[in-house]
Amino acid sequence: MADTILDVEGLTKNFGSKKVLKNVSFSVEKGHIVGLVGPNGAGKSTIMKAILGLFNYPSGKITLDGQPVSQTSHQALEKVGALIEYPGIYPFLSGLQHLELFSNDGVSKQQIMDVVDKMKMGSYIKRKAKTYSLGMKQKLGIALALVNHPALIILDEPMNGLDPQANKDLRTIILDLAKQGTTFLISSHILSELEKLIDDLIVIDKGQIVYRGDMATLESGSTRSMVLQTSDDAKAKDILSQNGYKLIDSDHVSVVEDETTKMADIIKLLSTNNIEIEDVKHVHSDLETSLLDLLKNDKVKEG
Amino acid sequence: MVTLVRQEIFKLVHKKSTWATSIILLVIMTIFAVISRNHPNTIDPKTIFVSLFTGFDWIVLFMIAAASSIISMEFQYGTIKELLYRKYYRGEILVSKWLAMVLYSIYFIALAFVYSLILKLILFNGTFQLSETYGNKHSILVTALYTSLSGFVALWLVLSLVLLLANLFKSSAAAISVGIIGYFAINVVSSMLIIAIKKWTWLKWNPLNMMNYPNQVISPSLKHMTLLSTNELLIGSLVYMVIFLGISYSVFKRRNV
């Protein structure tokens, strides 16, 4: 195991009689980008809030760079920047004043402006934050998480309200910082966005971890297939299966692809049998599909 | 802790209401001073000077509003999480807000006091002397000073309750109402209270009676009605403050955000 920066062990939390977290354990390695994924109400924000020492938990242990974190011990949070749920904004302060207010003593004006430039907020950073659009507020929230150059950055749904350009900019910033050794824990519903970023994935459902591991493992479990549209689908299915191709049970002609599958062979086979091919699509089950499968199966896997 | 107090002051300084209330305070004081100069028989210049040209009552009003919002605004704006998930302890966050309010109230009183002296010099230079005896034994200047200092104690008795209520309800409206009623009710219910205290003497320890402290400092004869000595009123006020702030502290530490 490489250096871990964050270690969560057996974390449990109840809200009244409802169990929101059940024995959650995971660790995050330094410099990794870790995605925290799960349906609404699965406990993503609760986990993040616990790591940030926002409430007491009845059992479990959270350590940050070796130091324990709880509601009553906050020392380790010096190394953390975060955006949880939605950004908190004082309407009477400008964006820049927010950054000045929350920046540590050692952070210079120049360093603050660097963050502003990177987030492309220069044109409105001196305006009162109450005039900001949803996306601008979101960017300010992210800038606040970055401003003290923390070792661990926790972002809850950071892509909320961002336009495609801002989304791409944010991705670049996160990847750059990760290269320099900053660790990220990011939750998001927009799985296609997360997919482009993360090294490791934690899937949580009903307060339990259902998958924990790297992206490659999850992807290797998925299948690639070729979906054909032909002049006679029923006949095409028969011919393909007689010739040893594995078919996926569906309305379309869907052939399981592996290294030996060649499109040319299939086209030749079908055209010699007088079946016209109208369209061919490659389907690669992405993170979203794998994830939905995982949540549907509802089985607890430990990676 | 110094950093946290500085951050609270930063927020206060950048709020328009902070400066607006200061200006309103000075304007109102000027208006009362001018009225008193033109109609000295209706409003006695010496009496109104001692009350800082009604400035103190307005300070109470503004401070109740400020204290009730200093915690509830963080819940309202959703900034409470940002405040709490830093390296600081929760208790430190709360105490830094209290300290900011203490500094703010001192600023207000100092502002009103200095401005009262200026108004006296400009408008009442020939009317009365600051060294004249006023009421029992002290000079006008010393009486004004004592009124302000004892008023500061009563102000903080109210503010400690306002801070507690704002913290309990996460909303400033309830805290503002109770604070204002609490402070100004004393004038309305004092006669009823005096009758009640005569009948059930243990009632003399209720917090409303403690609000008589500033009045009794100036008119010691009030002790026949409050049934407590001036020092007992001071100690009682301090004890209530500690109780209210203590409850606030433990509520805030336990709160889930």
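Chain B carries the name ABC transporter permease subunit in an unreviewed UniProt entry, which gives Lentilactobacillus hilgardii as its organism.

An unreviewed UniProt entry annotates chain A as ABC transporter, ATP-binding protein of Lentilactobacillus hilgardii. What UniProt states about chain A under its Sequence similarities (unreviewed entry) heading is, verbatim, "Belongs to the ABC transporter superfamily."

Turning our eyes to something else, we now look at the interface of chain A and chain B. Of the residues lining the interface, 22 residues belong to chain A; the matching set on chain B comes to 20 residues. In terms of residue count, helix α2 (residues 95–102) of chain A provides more of the side of chain A that touches chain B than any other element does, three residues in total. Residue composition of the side of chain A that touches chain B, grouped by class: 15 nonpolar, five polar and two charged.

Turning next to the sheet that holds strand β6 (residues 80–83) of chain A. Residue and element names in this part refer to chain A. As summarised here, the arrangement of the six strands in space is β6-β7-β8-β3-β9-β10, forming an open sheet in which the pairing is mixed. With one partner strand each, in any of the chains shown, β6 and β10 (208–214) form the two edges of the open sheet. Neighbouring strand axes in the sheet, compared pairwise and without regard to direction, differ in orientation by 15° on average. Here strand β9 (residues 200–205) runs beside β10; their pairing, made up of six bridges, is antiparallel. Bridge pairing links I202 to R212 in β10. Strands β3 (33–37), β7 (152–156), β8 (183–187) and β9 of the sheet are contacted by helix α1 (residues 44–51), whose axis makes an angle of about 150° with β7.

Turning to the packing of α2(A) against helix α4 (residues 134–146) of chain A, a few remarks are in order. Residues and elements named next belong to chain A. Interaxial distance between α2 and α4 falls to 10 Å at its minimum, and their mutual angle equals 25°. Here α2 is positioned roughly parallel relative to α4, judged by the angle of their axes. In this structure, the crossing between α2 and α4 has a hand that is right-handed. Contact residues: α2 offers G95, H98, L99 and F102, while α4 offers L140, A143 and L144.

With that settled, consider the sheet that holds strand β4 (residues 59–64) of chain A. Residue and element names in this part refer to chain A. Ordered by their spatial adjacency, four strands build an open sheet running β2-β1-β4-β5, and the pairing between neighbours is antiparallel. On the outer flanks of this sheet lie β2 (18–29) and β5 (67–68), each paired with one strand and no other. Strand direction decides the pairing type here: strand β1 (residues 4–15) and β2, joined by eight bridges, are antiparallel. Residue pairing in the sheet places L11 in a bridge with V24 of β2.

Before going further, it helps to spend a moment on the domain arrangement of chain A. Along its sequence, chain A is carved into domain 1 (2–213) and domain 2 (222–283). Here domain 1 of chain A and domain 2 of chain A have C-alpha centroids that lie 45 Å from each other.

Moving on, we get to the UniProt feature "transmembrane region" (unreviewed entry) in chain B. Residues and elements named next belong to chain B. Summarizing the sequence annotation, UniProt attributes the feature "transmembrane region" (unreviewed entry) to residues 18–36, 56–77, 98–124, 144–166, 173–197 and 233–252 in the numbering used throughout. Helix makes up 100% of residues 56–77 and strand makes up 0%, while its end C-alpha atoms are separated by 30 Å. In the segment residues 173–197, helix accounts for 100% and strand for 0%; the C-alpha atoms at its two ends are 31 Å apart.

In this section: the pairing of β3(A). Residues in a regular strand point their side chains to alternate faces of the sheet. All names here are of chain A. Burial within β3 is extensive, with five of its five residues counted as buried. Where burial is concerned, the two faces of β3 agree: the one with I33, G35 and V37 and the one with V34 and L36 are both buried. Looking at chain direction, β3 and β8 are connected through four bridges and run parallel. Of the residues in β8, the one forming a bridge with V34 is L185. Pairing geometry for β3 and β9, over four bridges, is parallel.

Moving on, we come to the packing of helix α4 (residues 55–77) of chain B against helix α7 (residues 140–169) of chain B. Residue and element names in this part refer to chain B. With their axes 9 Å apart at the nearest point, α4 and α7 run at an angle of 30° to one another. Considered as vectors, α4 and α7 are oriented roughly parallel to each other. Like other packed secondary-structure pairs, α4 and α7 cross with a definite hand, here right-handed. On the side of α4, the interface is formed by F56, V60, M63, I64, A67, S68, I71 and S72, while α7 contributes S148, G151, L155, V158, L159, V162, L163, A166 and N167.

How each quantity is defined
Residues numbered from 1 in each chain as written. Chains lettered and ligands numbered in written order. Predicted model: local features only at pLDDT ≥ 70, side-chain atom pairs only at ≥ 80, totals over all residues. UniProt positions renumbered as here; feature names shortened; annotations may be inferred. Contact = placed C-beta atoms within 7 Å. Helix = DSSP H or I, 4+ residues; strand = E, 2+ residues; numbered from the N terminus. Nonpolar A, V, L, I, M, F, W, Y, C, P; charged D, E, K, R; others polar. Pairing = 2+ DSSP bridges. Axes fitted to C-alpha atoms, helices over the stretch in contact; angles between N-to-C directions. Parallel < 35°, antiparallel > 145°, perpendicular 65-115°, else oblique. Left-handed = near helix turned anticlockwise from the far one by under 90°. Domains from an automatic or database assignment. Buried ≥ 20, exposed ≤ 12 C-beta atoms within 10 Å, placed from the backbone.

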